[in-house]
Amino acid sequence: MAASSDGLPTVGVRDGVPWTDVVLGSIAAVSWAMAGMAATAALGLHLLGADSAGALGPMTAAVTVLAVGGSVTPSGDVSVFGLEGAEATTAVDITPLGVSLVGAVLLAHFFLRSLRGAGAYVRGTELAARAAVLTGLFLGVVGWLAWAGHDVITFDGDVPGIGELPGNGSDEGGGGIEVPGLGEIGDIGGIGEIAGLLPDRLGDLVRAEASVGFTVDTAASLAGALFWVLGVLLVALLASRRTPLPSGWDAVHRLVRPAASALVTVLLVAVAAGAAAAAYAAAGDEHPGRIGGAALLGTPNGVWLAVPLGLFVPWDAKATGGPAELLPDPLDELLRISAGEPVTVGGLAELDGRVWLLAVACALMMLCAGVLTAVRTPRAAGVGAVAFAARCAVALGVATAVALPLLVGLTRVSADASLSVLGVDAFGAGIELHGRLGAAVALGAAWGAGAGAAGALLACVCGAAGRRVSPLVPRPTASRPGPGPYRPSVPYRPPNADTNPYLRLPPTARPRTERHRDGPPRDRPPDEPPPPGVPGGGG
């Protein structure tokens, strides 16, 4: 039987690598993840009406590849302007995190489920084999999607109903599109009005057909998918409290997993709250399908962008041309007033005081993460509340210092185009929105440490500290005060040579004084035979 680094036997460790189970489990995980992402992307695109301009299949494949870190290159047919080559390029860098989150949750669920049958510990070779096989299958599917994800989309300016889009001036109520929790998007005017204000050739384009093609960059998509799948598996292993790890990784159970699982829990709850708000808004809107499609594809984008912003991470933003008019209020007004200045909660609150509610919500979210960390962190007997709070503060501070820059990187937006198909400021249109990573690291460490300490003290006062410790964490006992080698307990009865043959000495080493059942010990003469029951004696 193998033993761990602390001398404990590794009970329940499976010998060898069960290759059949590894392959079948990897196929199930990849299949469910890809099916979930494809269904989410297809439904979102359909609700947005994208399938009316092009084939839904290639667009679904392209969006799925984008969701796993792939790269899609669009290009426009703008020969009506006489533009060729680099003058007619378009660049878009945005990840549909709604599709990504569905795939990550399904992939992590089936991967972790396959490990739970390994026993109390899983061998490192089996863990590596499962990760390698799953990654290989995942990259194979992404490569096939990259081959399928190319098409040409045609926009027709004379298609009936374009003039009825919300926010183009045709709605009876005027105004723009209302985005839940963000406010009203600016009115960009009707299509006919824009065509009348543009030069002749731009007006002709609005009324004519324009073709925009897109292709998936296979090499870049495979590289991005590799980092995506490895990141998902790593986060899943660090955040799952009931999945076995290799022998000697007990510190991960005690220190890393409580904080990581707490952060993942509150971030998923925040996304669920955003989705509920979108569903409520869609129920009373004239175009519920568009809100539903946008929520399916981009709810995590908005929520996880708001979390760093609410924790005072500054964002650098720049918008020119038509996209500047499509930003939510008061962000569009802030960019017009303070061009080149960073976007902060304070700056937005000067235009709309309700923005401070975002900071309050994010602070409460971090406090909940601190309480969950304390509840899931083991607390040994005799450890004071201050020492326990310091331990939780360090764990959650490190975890948040890593998680907050990750959210900033995932939610960055970059769009730059030399052509707007709808004719809005056709040249030099673009939008840039990205947070500052250095500030995210520092603020993440500060918020995590403060929330971890406050949550731990609150849990200690309520008596909930250490109440939800994972069953895989070694718990202190009376005979085993802490992690370390096994210490035998005191025997429950004294040894007795008359009843335990292993305690009897051989005849040549037996002393002259012996213990008899019928009385006290006495000296036996050399010529007296030994008593019955003793080796060499009678009876």
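Residues numbered from 1 in each chain as written. Predicted model: local features only at pLDDT ≥ 70, side-chain atom pairs only at ≥ 80, totals over all residues. Heavy atoms only, no water.

Looking up the protein chain in an unreviewed UniProt entry gives the name Streptophobe family protein, with the organism given as Streptomyces pratisoli.

## Looking at the overall build of the protein chain
How we decide: By definition, any uninterrupted DSSP run of H or I lasting at least four residues is a helix, any uninterrupted run of E lasting at least two residues is a strand, and each is numbered from the N terminus. When accessible area is computed with a 1.4 Å probe and restricted to protein chains, residues below 20% of their type maximum are described as buried, those above 50% as exposed, and intermediate ones as partly exposed. Residue contacts are defined here by distance: any two heavy atoms, one from each residue, within 4.5 Å place the two residues in contact. Note on areas: Shrake-Rupley with a 1.4 Å probe; residue coverage comes only from the protein chains shown.
In terms of helices and strands, the protein chain carries 14 helices and 11 strands. Residue burial in the protein chain is summarised as follows: out of 539 residues, 40% are buried. Counting only contacts in the protein chain whose residues sit at least 6 apart along the sequence, the fraction spanning at least 24 positions is 74%. When the accessible area of the protein chain is evaluated, it comes to approximately 27,500 Å², of which 65% is carbon and sulfur surface.

## A word on the confidence of the model for the protein chain
For clarity, the cut-off: Confidence per residue, as judged by the predictor, is encoded in pLDDT with a range of 0 to 100.
For the protein chain, the mean per-residue pLDDT works out to 74, and 63% of the residues sit at or above 70. Here residues 78-89 scores under 50 on pLDDT; set against residues more than four positions off or in separate chains, the count is 17 contacts. Here residues 155-210 is modelled with pLDDT under 50, and outside its nearest four sequence neighbours on either side it reaches 94 contacts, counting other chains as well.

## Describing the packing of aromatic side chains
Quick reminder of the rule: Put simply, two rings from Phe, Tyr or Trp (the six-membered ring, in Trp's case) pair if the centres are within 6.5 Å, and we call them stacked under 30 degrees between planes, edge-to-face over 60, tilted for the rest.
What the rule picks out here adds up to 3 aromatic pairs. A ring pair is formed by Trp32 and Phe110, whose centres lie 5.7 Å apart and whose planes are at 10°; its orientation type is stacked. One end of the pair, Trp32, is in helix α1 (residues 19-48); the other, Phe110, is in helix α3 (residues 97-115), and 78 residues separate them in sequence. When the centroid spacing of 6.2 Å and the interplanar angle of 20° are considered together, the rings of Phe312 and Trp447 count as stacked. Highlighted residues: Phe312 in the loop between α9 (288-310) and β7 (315-320) and Trp447 in helix α14 (residues 437-462), separated in sequence by 135 residues. Note on Phe312: relative accessible area 40%, which makes it partly exposed. Look at Trp447 and you get partly exposed, because its relative accessible area is 22%.

## Comments concerning the nonpolar core
Worth spelling out the cut-off: For the purposes of this section, nonpolar cores are sets of buried Ala, Val, Leu, Ile, Met, Phe, Trp, Tyr and Cys residues that join through side-chain atoms within 4.5 Å.
Counting 42 residues, the largest nonpolar core has Leu107, Phe111, Leu134, Phe138 and Trp228 as its most contacted members. Listed by contribution, the elements that provide at least two residues to this core are α1, α2 (56-67), α3, α4 (124-148) and α7 (218-239). At 8 residues, the largest contribution of residues to this core is made by α3. Not counting residues within four places of it along the chain, the set of residues in contact with Trp228 comprises Ala67, Val68, Ser100, Gly103, Ala104, Leu107 and Phe138.

## A word on the pattern of salt bridges
Cut-off, in case you're wondering: Salt bridge criterion: a side-chain nitrogen from Lys or Arg within 4 Å of a carboxyl oxygen from Asp or Glu.
Tallying each qualifying case throughout the model produces 4 salt bridges. Note that Arg130 and Glu126 form a salt bridge whose closest N and O atoms lie 3.2 Å from each other. On the criterion of helical spacing, the pair formed by Arg130 and Glu126 is a turn pair, its members being 4 residues apart in helix α4. Summarising the burial analysis for this pair, Arg130 and Glu126 share the class buried. Across the pair Asp352 and Arg354 runs a salt bridge whose closest N-O atoms are separated by 2.8 Å. Overall, the relative accessible area of 17% leaves Asp352 in the buried class. What emerges from the salt-bridge pattern is a single network uniting Asp21, Glu126 and Arg130.

## A short note on the environment of Ala277
Tracing the chain through its elements places Ala277 in helix α8 (residues 250-283). In this structure the C-alpha to C-alpha distance between Ala277 and Thr299, which are 22 residues apart in sequence, comes to 9.9 Å.

## Some points on α3
Condition: Expected helix span is computed as 1.5 Å times (number of residues minus one).
Counted at 1.5 Å a residue, the expected span for α3 with its 19 residues is 27 Å, and the 26 Å between its end C-alpha atoms agrees. Within α3, 14 of the 19 residues are buried, leaving the element largely enclosed by the surrounding structure.

## Some words on the state of the cysteines
What counts is decided by this rule: Cysteine sulfur atoms are paired as a disulfide whenever they fall within 2.5 Å.
For the structure shown, the criterion picks out 0 disulfides. Here Cys460 is not disulfide-linked; the sulfur of Cys392 is the nearest cysteine sulfur, at 7.4 Å. According to the relative accessible area criterion, Cys460 is buried, its value standing at 16%.

## Some details on the packing of α8 against helix α13 (residues 385-410)
The description of two packed helices rests on the angle between their axes and on the distance between the axes. How we decide: For every element, the axis is a line fit to its C-alpha atoms; helices are fit only across the contacting stretch, and the angle between N-to-C directions ranges from 0 to 180 degrees. Working rule for angles: under 35 degrees goes down as roughly parallel, over 145 as roughly antiparallel, 65 to 115 as roughly perpendicular, anything else as oblique. Note on convention: the crossing is left-handed when the near helix lies turned anticlockwise from the far helix by less than a right angle, right-handed when the turn is clockwise. Side-chain classes follow a simple rule in which Ala, Val, Leu, Ile, Met, Phe, Trp, Tyr, Cys and Pro form the nonpolar group, Asp, Glu, Lys and Arg form the charged group, and the remainder, Gly included, forms the polar group.
Close contact between α8 and α13 brings their axes to 9 Å; oriented N to C, the two are set at 50°. It follows that α8 is oblique to α13 by the angle criterion. Considering only the axes of α8 and α13, their crossing is right-handed. For the pair α8 and α13, the contacting residues are Arg254, Leu255, Ala259, Leu263 and Leu267 in the first and Arg391, Ala395, Leu396, Ala399, Thr400, Ala403 and Leu407 in the second. Its residues placed into classes, the contact of α8 with α13 shows 9 nonpolar, 1 polar and 2 charged.

## Quick look at a nonpolar patch on the surface
Applied cut-off: Patch construction takes residues with relative accessible area above 30% that form no salt bridge. Like charges are linked within 9 Å, and nonpolar side chains (Val, Leu, Ile, Met, Phe, Trp, Tyr) are linked within 5 Å.
A grouping of Val23, Leu24, Ile27 and Leu137 is seen on the molecular surface, where their side chains present a nonpolar patch of about 320 Å² in accessible area. Broken down by element, the nonpolar patch gets its largest block of residues, 3 residues, from α1. Here Ile27 is to be found in helix α1. For Ile27, a relative accessible area of 40% gives the class partly exposed.

## Focus on α4
With 25 residues, α4 ought to run about 36 Å at 1.5 Å a step, and its terminal C-alpha atoms sit 36 Å apart, in line with that. Listed as buried for α4 are Glu126, Leu127, Ala129, Arg130, Leu134, Thr135, Phe138, Val142, Leu145 and Ala146.

## Regarding the side chain of Thr135
Note that Thr135 resides in helix α4. Take Thr135: its relative accessible area is 8%, and that puts it in the buried class. Not counting residues up to four positions away in its chain, the partners in contact with Thr135 are Leu226, Val229, Leu230 and Leu233.

## What about the packing of α13 against α14?
With their axes 6 Å apart at the nearest point, α13 and α14 run at an angle of 145° to one another. Between α13 and α14 lies a crossing whose hand is right-handed. Looking at the contact of α13 with α14 residue by residue, the class counts come to 21 nonpolar, 5 polar and no charged.

## Structural notes on the side chain of Ser100
Tracing the backbone shows Ser100 in helix α3. Ignoring sequence-local partners within four residues, the contact set of Ser100 consists of Ala67, Val68, Thr95 and Trp228.

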